[in-house]
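In case you want the letters, here they are:
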Amino acid sequence: MQANLAKREPEMLARWEQQGLYAEVQKATAGLPAYYFIDGPPYANGDIHIGHAVNKVLKDMVVKSARLNGHQAPFVPGWDCHGLPIELQVEKKFGKVGDKLDAKAFREKCREYANEQVAKQREDFKRLGVLADWDKPYLTMQPAFEAEQVRCLSKIIDRGHVVRGFKPVHWCLDCGSSLAEAEVEYEDKKSFAIDVKFAAADAADLAKRFGVADAAGASLVIWTTTPWTLPANQAIAVNAELEYALVDFAENGRVILAAELVEKTAARWKDEAKVLAKASGKSLEGARAQHPFADRTVPVICGEHVTLEAGTGLVHTAPAHGVDDYVVGKQYKLPVDNPVASNGKFIEGTPIVAGLFVRKAEEPILENLKASGALANLAEITHSYPHCWRHKTPLIFRATPQWFVSMDEKGLRESAKAAVKATRWIPSWGEERIAKMIEGRPDWCISRQRTWGVPMAVFVHREKQMLHPDSAALALKIADKMESGGLEAWFGSTPSDWGVDESQYEKCTDTLDVWFDSGVVHQCSFKSTNPSAIVNGVAPQADMYLEGSDQHRGWFQSSLLTSVAMNDRAPYKAVLTHGFTVDEQGRKMSKSLGNVVAPQTVIKTLGADVLRLWAAASDYSGEISISDNLLKRIADAYRRIRNTARYLLASVNGFDPAKDAVPVDQMLAIDRWAIAQAAKLQEEIKQAYDESQFHLVYQKLHNYCVLDLGGLYLDVLKDRLYTLPTSSLARRSAQTAMFHITEAMVRWIAPILSFTADEIWQLLPGDRRASVFSQQWHQFPKISEAQIDWAGLAATREAVKKVLEDLRAQGAIGSGLNAEVTLFADGASAQTLNAVGDELRFWFITSSAKVENAASRSANAVESKLDSSLGLGESIWIAAQASTNTKCERCWHQRPDVGAHAEHPTLCGRCVTNISGAGESRLYI
């Protein structure tokens, strides 16, 4: 009764490992159609948290339910092992590359650290009851994986998707490297918001554009929240469709800004304004303005990205520091002038801020603008701003020479959108979310300036900065050497080692983005763990990917883009997304709030199966709540399911299905009904599993244990199980039904309550050598249509229970067996009640039950309204009273024939027959 899961689960895990359970299950399901599930790799750094636990348990449920559906479903776990967080951990101990370790030794220490983290996380995942190939996972740092990743790069290069560009990318000053879109998160940041005057370079020209005689002293005013980008300014952008005004301000003189923003600007500046003239944005194109502190004039250009949402309607444009700026700058052939070096400092020759760190550059710029009179207004605002997801520090946009997977060069964007449509998304809103991201995403920067990672194994022309014309073939050659010699086969080589002319070409020193690492898992994980599944160089399409909702911009997308770039299809047939874990109040888990629930703690106190049941019971389509109170309720639900299974097991103890099972046509009516109900429920549970609606599985299973079994069938069955002869047909009929129910139920719970299912399986009668995890759905015997209206009987049973409860409350009876019941009914109601004859008392669990016509009802009969949809008529009447008969000490029924048999003076006639005669006969209940 007490599961003692925290103590017993580790013992079961040890047995699973000793018997090689995963391999045993794979062997038992060999030859069945394959179900390919690809495990999105967690990063090999730090302890697992509750989100990890939810994720892995959901995956385990998907794979185990696939086996129920008749599949061989391998579960190969994986880990993401390259990248900056591991580098930082190694740097803490050994310093940066070159301090104590050269690059090769540094990479070796990174590999050692990653292996340590994998080992720690693996034990926690195993403890969750996740059945997987833990001894042979895929790791992105396995030589076979790394080599296959370079082959993937080769294929994507060969298909024309890889381009080189000097483009602005998110740059982390702490990482010293570019970041992928998925490594960027948005947090509030305080920034200086400034209005800056760019004096008109040709006042006469400007006057003509506004149709006025004089525009002397006029300035074009831009608004920006990144003053540090002003040294890189190359233009001022306006919107061709907007109207602009030449305005005379009392304090700030003549300025040009969007006509619709004149009043807002005057209020912001606390200055009085007078509009002198107006002109279209288009008519301002080509005008020139003097940079406020650099020795250059800049043009006015037109861009659709210019809006009236904030500022002045004129946008400071620095192609090196913004995507929109870069795109519009490309149209106007503006220079992409990046004055910020990779260390975050301004290069020599930069006006005002040369040699200064970016974060210290704004004060000198503001001082200069104030001194020159170019600063029209200064304010401080709080706004959403991109941050590094690791360091939680603000990012900058910085143009650097990088390698990109182009979204449009070879039509990757449109192909990816088509692949999204061909995929099943769970929940369905996932489709629109990722489609919008694909629609608006920039080219994917796949190069990084890091030490610990898979190399961007290409050669670049020293002058033209173009890829070697044989790049794809060379990458394949490099991959072959890497597979046997590891990363150093590349890092320790020279161009001439690969037959490349060093006078013309140099090795690329970049590593591949870690999102490229995990993005090619759809190919590389098979290469490193299951190469026989690869046909014609292409791995099979996964049946499902499953990760948290943040992966629409991360792993789901990087996997999609690489797969479409390589194979013109999505890497998955279906994608399931789950929400994040929060506390009962919907707050994020936070140490400062004290609301963190560690999976290790839950497992040590309640056991993994309770944690698994909580994960299944939660509707993952939104945020997933967890707290001690919620876990306590789940633990109560677990005990209900467990004790139902315990009762079933006790009841079939000593039952040999090979010898004792009763043929369906000889079974009692209620037992046939119970089997039919269980078979119907199995179809509902199967559908819920097929649709990955695990919370519906939990609800249906829990309701079945509480209502259908505990509240009805098993309750009614007790008398027959306890009082009839052991081998009587009626008792064996009940055991046969319960055996089928338990055979089915142990399979229903196996994907969720894995430890409990295994425990039940070991105790079930029959041959249990094959694991429960290699089983398919239970095959119920076919049951012919029932002649008894069980739904109607169930409704009247509830009505009788209410009347008996009133008697109990009055103190007239203790249990239902102290009572006698008379039901007054006509028509369909009477027919339903009479269908089970004298066995009606066993249905109500009373000592007596009889049916009379409604007209003869007694004065104390209580009317009970019935559900009209049952077709039983509107009402029945129920009269109940305490029985005056003597109680049989064996069956506890109060019967008039107790003591009628001299040999058994304390027993009723039925019990005498059951212990010394042929045994009573039952047909229905």
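Fair warning: this is a prediction, and the values are worked out from it, not measured in the lab.

K.L.:
What's the story with the overall build of the chain in this structure? I'm lost.
P.N.:
Check the secondary structure of the chain and you find 30 helices and 33 strands. On C-alpha atoms alone, the chain measures out to a radius of gyration of 38 Å, which is more than a quarter above the 29 Å that the 2.2 N^0.38 rule sets for 925 residues. Each principal axis of the C-alpha distribution contributes one length, and for the chain these read about 125 × 70 × 45 Å. Per-residue burial over the chain gives 56% buried out of 925 residues. Considering only contacts in the chain between residues 6 or more positions apart, those separated by 24 or more positions represent 76%.

K.L.:
Help me out: how do you make sense of the sheet that holds strand 28 (residues 819-824) in this one?
P.N.:
Across a sheet, strands are paired by hydrogen bonds formed along the backbone, either parallel or antiparallel in direction. Read across the open sheet, the four strands follow the order 29-28-31-30; overall the sheet is mixed. With partners counted over all chains shown, the strands left at the sheet margins are strand 29 (848-852) and strand 30 (862-865), one partner each. Between one strand and the next, the sheet's axes are offset by a mean angle of 25°, whatever the strand orientation. Examined bridge by bridge, strand 30 and strand 31 (residues 875-882) share four bridges and lie antiparallel to one another.

K.L.:
Would you mind going over the environment of Arg-910 with me for this structure?
P.N.:
Positionally, Arg-910 belongs in helix 30 (residues 909-916). Through-space distance from the C-alpha of Arg-910 to that of Asp-628 is 51 Å; in sequence the pair is 282 residues apart. Setting aside anything within four residues of it in sequence, one finds Arg-910 in contact with Asp-719, Thr-723, Leu-724, Arg-841, Phe-842, Cys-891, His-893, Asp-897, Glu-920 and Arg-922. A distance of 2.9 Å separates polar atoms of two side chains, one belonging to Arg-910 and the other to Asp-719.

K.L.:
Looking at this model, I keep getting lost on the packing of aromatic side chains. Mind explaining?
P.N.:
Each aromatic ring pair is summarised here by two numbers: the centre-to-centre distance and the angle between the ring planes. For the coordinates displayed, the defined rule picks out 23 aromatic pairs. Here the aromatic residues Trp-425, Tyr-545, Trp-555, Phe-556 and Tyr-572 are joined through ring pairs into a cluster of three or more. The ring of Trp-171 is capped by Arg-398, whose NZ or CZ atom sits 4.3 Å from the centre of that ring. Above the face of the Phe-842 ring, Arg-922 is positioned so that its terminal group lies 3.7 Å from the ring centre.

K.L.:
Can you walk me through helix 1 (residues 5-19) in this structure?
P.N.:
The terminal C-alpha atoms of helix 1 lie 20 Å apart, and with 15 residues this matches the ideal 21 Å at 1.5 Å per residue to within 8%. For helix 1, every residue scored as buried is listed here: Leu-5, Glu-9, Met-12, Leu-13 and Trp-16. The buried residues of helix 1 all sit within an arc of 105° when viewed along its axis, so they share a single face. Those residues of helix 1 that are exposed and aimed more than 90 degrees away from the buried face are Lys-7 and Gln-18. Along its buried surface, helix 1 packs onto helix 2 (21-28), helix 5 (103-127), helix 20 (608-617), helix 21 (628-651) and helix 26 (754-763). One or two residues past the end of helix 1 sits Gly-20, with phi positive at roughly 60°.

Thresholds applied
Every chain is numbered on its own, with residues counted from 1 as its sequence reads. For this predicted model, a pLDDT threshold of at least 70 governs which residues receive local features, and a threshold of 80 or more governs which side-chain atom pairs are given and counted, while totals over whole chains, interfaces and linings are taken from all residues. Side-chain measures here rest on the full set of heavy atoms in the structure, leaving out hydrogens and waters. Going along the chain from the N terminus, every DSSP run of H or I of four or more residues is numbered as a helix, and every run of E of two or more is numbered as a strand. Radius of gyration: C-alpha atoms only; globule rule: 2.2 Å multiplied by the number of residues to the exponent 0.38. Three labels apply to residues, based on accessible area from a 1.4 Å probe with only protein chains included: buried if under 20% of the type maximum, exposed if over 50%, partly exposed otherwise in between. Here, residues are in contact when the closest pair of their heavy atoms is within 4.5 Å. Pairing between strands requires that DSSP locate at least two bridges from one strand to the other. Axis geometry follows a simple rule: fit a line to the C-alpha atoms, using only the stretch in contact for helices, then measure angles between N-to-C directions, giving values from 0 to 180 degrees. Within 3.5 Å is the distance limit for a polar contact, defined as a pair of N or O atoms, with the added protein rule that one can donate a hydrogen and the other accept it, and that residues adjacent in sequence qualify only through two side-chain atoms. Pairing of aromatic side chains requires ring centres within 6.5 Å, counting the rings of Phe and Tyr and the six-membered ring of Trp. Pairs whose planes differ by under 30 degrees are stacked, by over 60 edge-to-face, and all others tilted. Placement of a positive charge over a ring is assigned whenever Lys NZ or Arg CZ falls within 6 Å of the ring centre and within 35 degrees of the normal to the ring plane. Every helix has an expected span of 1.5 Å times one less than the residues it contains. Think of it as the arc spanned by the lines of direction from the helix axis to the C-beta atoms.

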